[in-house]
Amino acid sequence: MEQLALQHGVSLRKDGKFQALVGRLGQSGPWLMLPQSFMNASGRPVQMLAGFFKIPAADILVVHDEIEFPPGFARLKQGGGIAGHNGLRDISQRIATHDYWRLRLGVGHPGAKGAVADYVLGKPVQEERESIDEAIGRALEVMPQMLAGEMQAAMLKLHTDPKPKAPPKPEPKPEPKPEPKPKPEPKVEAQPEPKPAPVEEKKGLFGSLFGKKK
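Here the structure is a predicted model, which is why all the values come from computation and not from measurement.

Conventions we followed
Residues numbered from 1 in each chain as written. Predicted model: local features only at pLDDT ≥ 70, side-chain atom pairs only at ≥ 80, totals over all residues. Heavy atoms only, no water. Pairing = 2+ DSSP bridges. Helix = DSSP H or I, 4+ residues; strand = E, 2+ residues; numbered from the N terminus. Axes fitted to C-alpha atoms, helices over the stretch in contact; angles between N-to-C directions. Contact = heavy atoms within 4.5 Å. Buried < 20%, exposed > 50% of the residue type's maximum accessible area, 1.4 Å probe, protein only. Arc of directions from axis to C-beta.

Observations regarding the sheet that holds strand 3 (residues 31-35)
Here comes step 1: Ordered by their spatial adjacency, three strands build an open sheet running 1-2-3, and the pairing between neighbours is antiparallel. The sheet is open, and its two borders are formed by strand 1 (13-15) and strand 3, each paired with just one other strand. Between one strand and the next, the sheet's axes are offset by a mean angle of 35°, whatever the strand orientation.
Here comes step 2: Pairing between strand 1 and strand 2 (residues 20-24): three bridges, direction antiparallel. From the neighbouring strand, Asp15 faces strand 2, where its bridge partner is Ala20.
Here comes step 3: Seen against the sheet, helix 2 (residues 43-53) touches strand 2 and strand 3 and runs at an angle of roughly 155° to strand 3.

Observations concerning the pairing of strand 2
Walk down a regular strand and you will see the side chains alternate between the two sheet faces.
Here comes step 1: The hairpin formed by strand 1 and strand 2 contains four residues between the paired strands, and Gln19 there has a positive phi angle of roughly 55°.
Here comes step 2: Between strand 2 and strand 3, which pair antiparallel in sequence order, lie six residues; one of them, Gly26, sits at a positive phi of approximately 75°.

So, the sheet that holds strand 5 (residues 74-78)
In a beta sheet, neighbouring strands are held together by backbone hydrogen bonds and run either parallel or antiparallel to one another.
Here comes step 1: Here three strands make up an open sheet; going across it, the order is 4-6-5 and the pairing mixed. Each edge of the open sheet carries a strand with a single partner, namely strand 4 (61-66) and strand 5. Averaged over all pairs of adjacent strands, the angle between their axes in this sheet comes to 25°, without regard to strand direction.
Here comes step 2: Of the strand pairs in this sheet, strand 5 and strand 6 (residues 101-106) are connected by five bridges, and their pairing is antiparallel. Paired with Leu76 across the bridge in strand 6 is Leu103.

Focus: helix 7 (residues 151-159)
Here comes step 1: Listed as buried for helix 7 are Met151, Ala154, Met155 and Leu158. Here the buried residues of helix 7 occupy an arc of 100° about the axis, which is enough to place them on one side. In helix 7, the exposed residues that point more than 90 degrees away from the buried face are Gln152 and Leu156.
Here comes step 2: Buried residues belonging to helix 7 abut strand 5, strand 6, helix 5 (126-141) and helix 6 (143-147).

Shown next as structure tokens:
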């Protein structure tokens, strides 16, 4: 609601008789209201404003959290049950009908029923907060159709799932450097053993003088 008011340059001012912050889009546009009461007592401000300006239930849009949807989901519908939501219960009782419009923003479920109260009052983790903000952004994109009364067109656009983000490309892994191949050891060829030198026949004193015998 604050983002919608900011987009249109509207200041939300505290109004004691409605127990809410109130602003209007233009001189004859729709009223914006942020109840300042407890969530489970949201019906009284809605009843007071709707009764004062004679706004029918079919022209009321309630924006609320939805634990049955995961963070990032945004759905629009008219009427239906309250699914245990105490704020919706009080609004339905106060204006005596379920036939108002609801913009449901998924916040996820804590897993245990007994933990719901603390879960919805706590702050979401960073990743869930980003998903919720994206859903709010998509809802704001179809707000012109809703303000023009083109609820079916707004619903069709809002309920069309956005294209999934492409997963980040993995960083290329450096190619492993090939290990240097060990240099082959030089082949050592066996050298042939040297042949023994021929032994010269010893010549005695007489042999050297007279030569070989024939």
